[in-house]
Structures are given as structure tokens and as C-alpha cells.
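Each chain, letter by letter, is given below.
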Amino acid sequence: QVQLVESGGGLVQPGGSLRLSCAASGIIFNAYHMGWYRQAPGKQRELVAVISSGGIRNYADSVKGRFTISRDNAKNTVYLQMNSLKPEDTAVYYCNADSVILKLHYWGQGTQVTVSS
């Protein structure tokens, strides 16, 4: 029943931009914290950005000033706007939904972002 469907990944040149989307279903969306994680080959999955149910945003130091996370509760969708992309941003990006109260978390299938010339 619960699904997080990601889209927007692709190949982009350094300095370019991409906008990732994650459409959620099967959850009470506005009761969940939403986040974006990424995992590069040979590396651990890391938090990129998170936005709370109340709209509070936090970012990894590596993406501050370049990435923006947002959510549209009416559309049950969370976004990640990625600007000034660098090769080190190359990774599979995963959407996450987390309920602290219910102790539940869900993951999307991931979408590939490749930053290369």
C-alpha cells in the first residue's frame, strides 16, 4: 500500500541543475518527516536533506547553499532542487518518509543522478 515513487534523475554536466520529485501514497503525508538520502558506489548511504512535517529544513554540509528541499502537502510530494551540481554529487538518490510517533519509515526505489562532462 505504501509507495514512494521518485523521478527526475539523469545525466547532467557539472554546474547544471536537476529537480527530483518523490510522490508518496499510502501514508498520512503531512504527519511524516521527509528526506533525501544518497549512496555513491563504494560508499555508505548518507543524509542529504530533510524537511520535517512542520517545514523545518536541514542539509548535509556538502550540499548547503546548493540544494533545496521542499514539500507540497496537497500533492503528497517532496522535492529536491539541486543546483551547481558537482561530480561528487553522483549517486543514487533515495526518498525517505519517517514517522517518529509510529516508528515507521519507508524508502523509495532510488533514482540515479550522474554529474559528468
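A few points on the structure. (Residues numbered from 1 in each chain as written. Predicted model: local features only at pLDDT ≥ 70, side-chain atom pairs only at ≥ 80, totals over all residues. Heavy atoms only, no water.)

All right, on to the pattern of salt bridges then. Here the structure, examined in full by the defined rule, presents four salt bridges. A salt bridge links Lys64 to Asp61, with the nearest nitrogen and oxygen atoms 3.2 Å apart. (Salt bridge = Lys/Arg side-chain N within 4 Å of Asp/Glu carboxyl O.)

Bridging between strand E1 (residues 3-7) and strand E3 (residues 18-25) involves five bridges; their strand directions are antiparallel. Note on E3: the bridge partner recorded for Glu6 is Cys22. Sheet topology places E3 next to strand E8 (residues 77-82); six bridges connect them, and they run antiparallel. Across the sheet, the residue bridging to Ala23 is Thr77, located in E8. (Pairing = 2+ DSSP bridges. Helix = DSSP H or I, 4+ residues; strand = E, 2+ residues; numbered from the N terminus.)

Inspection of the entire model under this criterion finds two aromatic pairs. Here Tyr32 and Tyr106 contribute two aromatic rings whose centre-to-centre distance is 6.3 Å and whose plane-to-plane angle is 45°, an arrangement assigned as tilted. Taken together, the positions of Tyr32 in the loop between E3 and strand E4 (33-39) and Tyr106 in strand E10 (residues 104-107) put the pair 74 residues apart, joining distant regions of the chain. Owing to a relative accessible area of 4%, Tyr32 belongs among the buried residues under this scheme. (Phe/Tyr/Trp six-rings, centres within 6.5 Å; stacked < 30°, edge-to-face > 60°. Buried < 20%, exposed > 50% of the residue type's maximum accessible area, 1.4 Å probe, protein only.)

One open sheet holds the four strands; their spatial order is E1-E3-E8-E7, and the pairing between them is antiparallel. The open sheet is flanked by E1 and strand E7 (67-72), the only strands paired with a single partner. With direction set aside, neighbouring strand axes in the sheet form an average angle of 15°. (Axes fitted to C-alpha atoms, helices over the stretch in contact; angles between N-to-C directions.)

Here we come to the side chain of Ser99. Looking at where Ser99 falls in the secondary structure, it is placed in strand E9 (residues 91-99). Polar contacts involving the side chain of Ser99 include one to the main-chain amide nitrogen of Leu102, which spans 3.1 Å. Contact partners of Ser99, with chain neighbours within four places excluded, come to Tyr32 and Leu104. (Polar contact = N/O pair within 3.5 Å; in protein donor to acceptor, adjacent residues only side chain to side chain. Contact = heavy atoms within 4.5 Å.)

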